[in-house]
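Per-entry structural report
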Amino acid sequence: MAVALITGANKGIGFETAKQLLELGHVVYIGARDVDRGEKAAAALGARFVQLDVTEDASVSSALGTIDSSEGRLDILVNNAGVLGHGATDGPTALHAFDTNAVSVVRVTEAALPSLRKSSNPTVVNVSSSAGSFWAVTNPDRPEFGLPLAFYSASKAAVTMLTVQYAKAHLGIKFNAVEPGTTATDLTAVFGVGRAPEESAKVVVRWATLDADGPTGTFQDESGEVPW
Ligand code: NAP
(Lines give C-alpha, C1' and ligand atoms only; values in the text may rest on other atoms or scores of the structure.)
Protein backbone atom coordinates (compact mmCIF):
# COMPACT_ATOMS: atom_id res chain seq x y z
CA MET A 1 0.00 0.00 0.00
CA ALA A 2 1.45 3.31 -1.12
CA VAL A 3 0.78 6.86 0.03
CA ALA A 4 -0.05 9.06 -2.96
CA LEU A 5 -0.60 12.77 -3.52
CA ILE A 6 -2.16 14.11 -6.70
CA THR A 7 -2.25 17.83 -7.33
CA GLY A 8 -5.29 19.33 -9.03
CA ALA A 9 -7.27 16.18 -8.24
CA ASN A 10 -10.70 17.66 -7.61
CA LYS A 11 -11.71 16.97 -11.23
CA GLY A 12 -10.57 15.73 -14.61
CA ILE A 13 -7.65 13.36 -15.06
CA GLY A 14 -6.40 13.98 -11.51
CA PHE A 15 -9.72 12.95 -9.98
CA GLU A 16 -9.83 9.76 -12.03
CA THR A 17 -6.21 9.01 -11.15
CA ALA A 18 -7.12 9.34 -7.48
CA LYS A 19 -10.08 7.01 -7.98
CA GLN A 20 -8.00 4.33 -9.67
CA LEU A 21 -5.18 4.51 -7.12
CA LEU A 22 -7.78 4.12 -4.35
CA GLU A 23 -9.23 1.09 -6.13
CA LEU A 24 -5.73 -0.42 -6.06
CA GLY A 25 -5.80 -0.04 -2.26
CA HIS A 26 -3.50 2.95 -1.87
CA VAL A 27 -3.84 5.86 0.54
CA VAL A 28 -4.69 8.82 -1.67
CA TYR A 29 -4.52 12.53 -0.93
CA ILE A 30 -6.48 14.79 -3.22
CA GLY A 31 -4.67 18.10 -3.52
CA ALA A 32 -6.97 20.95 -4.50
CA ARG A 33 -6.67 24.71 -4.24
CA ASP A 34 -10.33 25.20 -3.34
CA VAL A 35 -11.35 23.65 -0.01
CA ASP A 36 -14.97 23.12 -0.96
CA ARG A 37 -14.22 21.49 -4.34
CA GLY A 38 -11.43 19.40 -2.83
CA GLU A 39 -13.43 18.18 0.17
CA LYS A 40 -16.36 17.24 -2.07
CA ALA A 41 -14.11 15.29 -4.43
CA ALA A 42 -12.37 13.50 -1.55
CA ALA A 43 -15.70 12.62 0.07
CA ALA A 44 -17.05 11.29 -3.23
CA LEU A 45 -14.10 8.88 -3.49
CA GLY A 46 -13.31 8.14 0.14
CA ALA A 47 -9.92 9.83 -0.30
CA ARG A 48 -8.13 12.28 2.00
CA PHE A 49 -7.93 15.97 1.19
CA VAL A 50 -5.20 18.57 1.50
CA GLN A 51 -5.58 22.19 0.48
CA LEU A 52 -2.85 22.74 -2.09
CA ASP A 53 -2.50 25.66 -4.45
CA VAL A 54 0.50 24.84 -6.62
CA THR A 55 1.28 28.53 -7.10
CA GLU A 56 1.51 29.26 -3.35
CA ASP A 57 4.64 28.24 -1.42
CA ALA A 58 2.90 28.33 1.96
CA SER A 59 0.03 26.16 0.76
CA VAL A 60 2.41 23.63 -0.79
CA SER A 61 4.65 23.33 2.25
CA SER A 62 1.67 23.05 4.58
CA ALA A 63 0.10 20.28 2.45
CA LEU A 64 3.30 18.25 2.31
CA GLY A 65 3.87 18.84 6.03
CA THR A 66 0.40 17.47 6.79
CA ILE A 67 1.03 14.31 4.77
CA ASP A 68 4.45 13.74 6.31
CA SER A 69 3.08 14.16 9.85
CA SER A 70 0.17 11.79 9.20
CA GLU A 71 1.83 9.13 7.04
CA GLY A 72 5.56 9.47 7.71
CA ARG A 73 6.35 9.19 4.01
CA LEU A 74 5.16 9.83 0.46
CA ASP A 75 5.49 7.06 -2.15
CA ILE A 76 3.73 8.55 -5.17
CA LEU A 77 3.58 12.19 -6.24
CA VAL A 78 1.55 13.08 -9.31
CA ASN A 79 2.17 16.66 -10.43
CA ASN A 80 -1.07 16.98 -12.36
CA ALA A 81 -2.47 20.49 -11.78
CA GLY A 82 -2.44 22.53 -14.94
CA VAL A 83 -4.02 25.32 -16.94
CA LEU A 84 -4.30 26.02 -20.65
CA GLY A 85 -2.78 29.48 -20.28
CA HIS A 86 -4.57 30.84 -23.32
CA GLY A 87 -6.01 34.29 -23.85
CA ALA A 88 -3.77 37.33 -24.08
CA THR A 89 -0.20 36.98 -25.32
CA ASP A 90 1.43 39.00 -22.59
CA GLY A 91 3.64 38.73 -19.54
CA PRO A 92 0.97 38.11 -16.88
CA THR A 93 -0.69 35.34 -18.94
CA ALA A 94 2.67 33.71 -19.60
CA LEU A 95 3.68 33.96 -15.94
CA HIS A 96 0.42 32.35 -14.84
CA ALA A 97 0.84 29.46 -17.30
CA PHE A 98 4.49 28.86 -16.41
CA ASP A 99 3.82 29.23 -12.68
CA THR A 100 0.90 26.78 -12.63
CA ASN A 101 2.27 24.23 -15.10
CA ALA A 102 6.03 24.29 -14.64
CA VAL A 103 7.22 26.23 -11.58
CA SER A 104 4.65 24.22 -9.62
CA VAL A 105 6.63 21.06 -10.38
CA VAL A 106 9.66 22.58 -8.65
CA ARG A 107 7.61 23.95 -5.76
CA VAL A 108 5.73 20.71 -5.02
CA THR A 109 8.62 18.36 -5.72
CA GLU A 110 11.03 20.29 -3.48
CA ALA A 111 8.49 20.23 -0.65
CA ALA A 112 7.87 16.51 -1.23
CA LEU A 113 11.51 15.35 -1.46
CA PRO A 114 12.03 14.77 2.30
CA SER A 115 8.91 12.55 2.42
CA LEU A 116 9.74 10.80 -0.86
CA ARG A 117 13.18 9.94 0.54
CA LYS A 118 11.44 8.00 3.35
CA SER A 119 9.73 5.73 0.79
CA SER A 120 11.11 2.37 -0.35
CA ASN A 121 9.74 2.99 -3.86
CA PRO A 122 9.44 6.75 -4.48
CA THR A 123 7.83 7.65 -7.79
CA VAL A 124 7.00 11.01 -9.31
CA VAL A 125 4.80 11.41 -12.37
CA ASN A 126 4.77 14.79 -14.03
CA VAL A 127 1.69 15.16 -16.19
CA SER A 128 3.22 16.88 -19.19
CA SER A 129 1.85 17.01 -22.74
CA SER A 130 2.83 16.07 -26.26
CA ALA A 131 2.00 19.74 -26.94
CA GLY A 132 5.36 20.35 -25.24
CA SER A 133 7.24 17.99 -27.56
CA PHE A 134 9.48 19.77 -30.10
CA TRP A 135 9.11 16.71 -32.34
CA ALA A 136 5.30 16.91 -32.28
CA VAL A 137 4.88 20.69 -32.70
CA THR A 138 7.26 20.75 -35.70
CA ASN A 139 5.62 17.74 -37.39
CA PRO A 140 2.80 18.80 -39.78
CA ASP A 141 1.30 15.31 -39.50
CA ARG A 142 0.70 15.73 -35.77
CA PRO A 143 -2.30 17.56 -34.23
CA GLU A 144 0.08 19.49 -31.93
CA PHE A 145 1.49 21.23 -35.04
CA GLY A 146 -1.60 23.44 -35.35
CA LEU A 147 -2.22 24.01 -31.66
CA PRO A 148 -2.28 27.76 -30.95
CA LEU A 149 -1.16 27.41 -27.33
CA ALA A 150 2.33 28.89 -27.10
CA PHE A 151 2.47 29.21 -23.29
CA TYR A 152 0.90 25.80 -22.71
CA SER A 153 3.35 24.12 -25.08
CA ALA A 154 6.36 26.04 -23.75
CA SER A 155 5.47 25.39 -20.12
CA LYS A 156 4.92 21.68 -20.80
CA ALA A 157 8.29 21.51 -22.59
CA ALA A 158 9.68 22.90 -19.34
CA VAL A 159 7.85 20.21 -17.35
CA THR A 160 9.43 17.50 -19.49
CA MET A 161 12.90 19.03 -19.13
CA LEU A 162 12.44 19.40 -15.37
CA THR A 163 11.52 15.71 -15.26
CA VAL A 164 14.78 14.76 -16.92
CA GLN A 165 16.81 17.08 -14.69
CA TYR A 166 15.15 15.80 -11.49
CA ALA A 167 15.71 12.20 -12.59
CA LYS A 168 19.42 12.93 -13.07
CA ALA A 169 19.72 14.79 -9.76
CA HIS A 170 17.85 12.23 -7.60
CA LEU A 171 18.85 8.74 -8.68
CA GLY A 172 16.89 7.01 -5.91
CA ILE A 173 13.58 8.50 -7.04
CA LYS A 174 11.84 7.74 -10.34
CA PHE A 175 10.70 10.80 -12.29
CA ASN A 176 8.77 10.31 -15.52
CA ALA A 177 6.79 12.72 -17.68
CA VAL A 178 3.51 11.45 -19.07
CA GLU A 179 1.26 12.54 -21.92
CA PRO A 180 -2.06 11.11 -20.75
CA GLY A 181 -3.86 11.29 -24.11
CA THR A 182 -6.30 13.87 -25.45
CA THR A 183 -9.09 13.94 -22.89
CA ALA A 184 -12.48 15.61 -22.62
CA THR A 185 -12.09 17.75 -19.49
CA ASP A 186 -12.74 21.37 -18.58
CA LEU A 187 -9.21 22.11 -19.87
CA THR A 188 -10.06 21.01 -23.41
CA ALA A 189 -13.74 22.01 -23.42
CA VAL A 190 -12.97 24.94 -25.77
CA PHE A 191 -11.82 22.43 -28.39
CA GLY A 192 -14.56 19.85 -27.78
CA VAL A 193 -12.14 16.95 -28.16
CA GLY A 194 -10.94 13.96 -26.21
CA ARG A 195 -11.73 10.66 -24.59
CA ALA A 196 -13.03 9.89 -21.12
CA PRO A 197 -10.72 10.86 -18.21
CA GLU A 198 -10.86 7.25 -16.93
CA GLU A 199 -8.91 6.11 -19.99
CA SER A 200 -6.20 8.75 -19.64
CA ALA A 201 -5.89 8.21 -15.89
CA LYS A 202 -4.90 4.60 -16.62
CA VAL A 203 -1.74 5.90 -18.30
CA VAL A 204 -0.91 8.07 -15.30
CA VAL A 205 -1.60 5.23 -12.86
CA ARG A 206 0.60 2.85 -14.81
CA TRP A 207 3.55 5.23 -14.46
CA ALA A 208 2.71 6.01 -10.84
CA THR A 209 2.83 2.34 -9.85
CA LEU A 210 6.19 1.24 -11.26
CA ASP A 211 8.34 -1.32 -9.53
CA ALA A 212 11.32 0.05 -7.61
CA ASP A 213 13.65 -0.72 -10.52
CA GLY A 214 11.36 0.91 -13.11
CA PRO A 215 12.50 3.50 -15.65
CA THR A 216 13.27 7.10 -14.79
CA GLY A 217 13.85 10.27 -16.79
CA THR A 218 11.52 9.28 -19.64
CA PHE A 219 8.60 10.88 -21.48
CA GLN A 220 5.75 8.45 -22.15
CA ASP A 221 2.31 8.17 -23.60
CA GLU A 222 0.19 5.04 -23.73
CA SER A 223 2.07 3.72 -26.76
CA GLY A 224 5.55 4.19 -25.35
CA GLU A 225 8.26 6.87 -25.40
CA VAL A 226 7.29 10.26 -26.82
CA PRO A 227 10.07 11.88 -28.87
CA TRP A 228 11.28 15.04 -27.10
P1 NAP B 1 -8.93 19.98 -15.67
O2 NAP B 1 -10.10 19.05 -15.63
O3 NAP B 1 -9.13 21.40 -16.01
O4 NAP B 1 -8.18 19.83 -14.28
C5 NAP B 1 -7.12 20.69 -13.94
C6 NAP B 1 -6.91 20.61 -12.45
O7 NAP B 1 -5.82 21.48 -12.10
C8 NAP B 1 -8.14 21.08 -11.65
O9 NAP B 1 -8.32 20.27 -10.52
C10 NAP B 1 -7.75 22.49 -11.24
O11 NAP B 1 -8.38 22.94 -10.06
C12 NAP B 1 -6.26 22.27 -11.01
N13 NAP B 1 -5.52 23.51 -10.86
C14 NAP B 1 -5.42 24.56 -11.70
N15 NAP B 1 -4.68 25.54 -11.14
C16 NAP B 1 -4.32 25.10 -9.91
C17 NAP B 1 -3.56 25.64 -8.84
N18 NAP B 1 -3.03 26.87 -8.92
N19 NAP B 1 -3.38 24.89 -7.73
C20 NAP B 1 -3.91 23.66 -7.64
N21 NAP B 1 -4.66 23.09 -8.59
C22 NAP B 1 -4.85 23.81 -9.73
O23 NAP B 1 -7.84 19.45 -16.74
P24 NAP B 1 -7.23 18.00 -17.06
O25 NAP B 1 -7.40 17.82 -18.52
O26 NAP B 1 -7.70 16.99 -16.12
O27 NAP B 1 -5.68 18.30 -16.82
C28 NAP B 1 -4.87 17.61 -15.89
C29 NAP B 1 -3.45 17.63 -16.40
O30 NAP B 1 -3.37 16.87 -17.63
C31 NAP B 1 -2.92 19.02 -16.74
O32 NAP B 1 -1.56 19.13 -16.31
C33 NAP B 1 -2.99 19.06 -18.25
O34 NAP B 1 -2.09 19.96 -18.81
C35 NAP B 1 -2.67 17.62 -18.58
N36 NAP B 1 -3.06 17.19 -19.91
C37 NAP B 1 -4.36 17.18 -20.27
C38 NAP B 1 -4.71 16.76 -21.55
C39 NAP B 1 -6.14 16.75 -22.00
O40 NAP B 1 -6.39 16.43 -23.19
N41 NAP B 1 -7.12 17.06 -21.14
C42 NAP B 1 -3.73 16.33 -22.46
C43 NAP B 1 -2.40 16.36 -22.05
C44 NAP B 1 -2.08 16.76 -20.78
P45 NAP B 1 -9.66 23.96 -10.09
O46 NAP B 1 -10.87 23.09 -10.22
O47 NAP B 1 -9.54 24.63 -8.76
O48 NAP B 1 -9.46 24.88 -11.26
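Just above sits the structure.
Below, the structure is looked at part by part. (Residues numbered from 1 in each chain as written. Predicted model: local features only at pLDDT ≥ 70, side-chain atom pairs only at ≥ 80, totals over all residues. Heavy atoms only, no water.)

One pass over the full model with this rule turns up two aromatic pairs. Here the aromatic rings of Tyr166 and Phe175 are separated by 5.3 Å at their centres, their planes lie at 25 degrees, and the arrangement is stacked. Each member of the pair Tyr166 and Phe175 is classed as buried. Taking 6.2 Å as the distance between ring centres and 25 degrees as the angle between the ring planes, the aromatic pair formed by Phe219 and Trp228 counts as stacked. Classification of Trp228 by relative accessible area gives partly exposed; the value is 48%. (Phe/Tyr/Trp six-rings, centres within 6.5 Å; stacked < 30°, edge-to-face > 60°. Buried < 20%, exposed > 50% of the residue type's maximum accessible area, 1.4 Å probe, protein only.)

Moving on, we get to the pairing of strand β1 (residues 3–6). The alternating pattern of β1 places Val3 and Leu5 and Ala4 and Ile6 on opposite faces, both of which are buried. The pairing of β1 with strand β2 (residues 27–32) spans four bridges and is parallel. The residue of β2 that forms the bridge with Leu5 is Tyr29. Handedness of the β1-helix α1 (residues 12–23)-β2 crossover: right-handed. Taken together, the three bridges between β1 and strand β4 (residues 76–79) define a ladder with parallel strand orientation. Bridged to Ile6 within β4 is Val78. (Helix = DSSP H or I, 4+ residues; strand = E, 2+ residues; numbered from the N terminus. Pairing = 2+ DSSP bridges. Right-handed = clockwise from strand over helix to strand, strands pointing away.)

Turning to the layout of surface pockets, a few remarks are in order. In this approach the atoms are scanned with a rolling probe the size of a water molecule, which exposes any empty space left behind. Computed from the structure, the largest pocket encloses a volume of approximately 1,100 Å³. The set of elements that each furnish at least two residues to the lining of the largest pocket consists of α1, β2, α4 (91–116) and α6 (150–169). The element contributing the most residues to the lining of the largest pocket is α1, with three residues. Along the lines of polarity and charge, the residues of the lining of the largest pocket split into 17 nonpolar, 18 polar and 11 charged. (1 Å grid on protein atoms, 1.4 Å probe; cavity = no way out; pocket = protein on both sides within 12 Å on 5 of 7 lines; lining within 4 Å. Points joined across faces, edges and corners; volume = space filled by probe spheres on them. Nonpolar A, V, L, I, M, F, W, Y, C, P; charged D, E, K, R; others polar.)

Attention now goes to the sheet that holds strand β8 (residues 224–225). The sheet built from eight strands is open, its strands ordered β3-β2-β1-β4-β5-β6-β7-β8 with mixed pairing. Each end of this open sheet is capped by a strand with a single partner; those strands are β3 (48–51) and β8. Relative to β8, strand β7 (residues 218–221) runs antiparallel, the two being bridged by two bridges. Bridge pairing in β8 links Asp221 to Gly224. The strands touched by α6 are β5 (123–127), β6 (174–178) and β7; relative to β6, the strand with the most contacts, the crossing angle is about 160 degrees. (Contact = heavy atoms within 4.5 Å. Axes fitted to C-alpha atoms, helices over the stretch in contact; angles between N-to-C directions.)

We now examine the pairing of β3. With four bridges joining them, β2 and β3 adopt parallel strand pairing. Paired with Ile30 across the bridge in β3 is Phe49. Between the parallel pair β2 and β3, the chain is carried across by helix α2 (residues 35–45), and the sense of this crossover is right-handed.

The next thing to look at is the site of the ligand. Surveying the vicinity of the ligand reveals 30 residues, the closest of which are Arg33, Asn80, Tyr152, Thr183 and Thr185. Here Asn80 contributes a backbone N or O atom positioned 2.7 Å from an oxygen atom of the ligand. Here the ligand has 890 Å² of accessible area as a free molecule, and 95% of this is covered by the chains. Of the pockets mapped on this structure, the ligand occupies the largest pocket. Secondary-structure elements contributing two or more residues to the shell around the ligand are α1 and α6. In terms of residue class, the shell around the ligand is built from nine nonpolar, 14 polar and seven charged. (Near = heavy atom within 4 Å. Polar contact = N/O pair within 3.5 Å; in protein donor to acceptor, adjacent residues only side chain to side chain. Areas by Shrake-Rupley, 256 points an atom, 1.4 Å probe, with all protein chains shown as cover. Sits in = over half its atoms within 2 Å of the grid points.)

A few words now on the nonpolar core. Counting 25 residues, the largest nonpolar core has Ile6, Leu21, Ile30, Ile76, Val78, Val125 and Val204 as its most contacted members. Looking at this core, the elements that each hand over two or more residues are β1, α1, β2, α2, β4, β5 and α7 (197–208). Per-element tally for this core: the top contributor is α7, with five residues. Residues contacting Ile6, with those up to four places away along its chain left out, are Gly14, Thr17, Ala18, Leu21, Val28, Tyr29, Ile30, Gly31, Val78 and Asn80. Of all hydrophobic cores here, the second largest spans 23 residues; its members include Val27, Leu64, Val108 and Val124. (Core = buried A, V, L, I, M, F, W, Y, C linked by side-chain atoms within 4.5 Å.)

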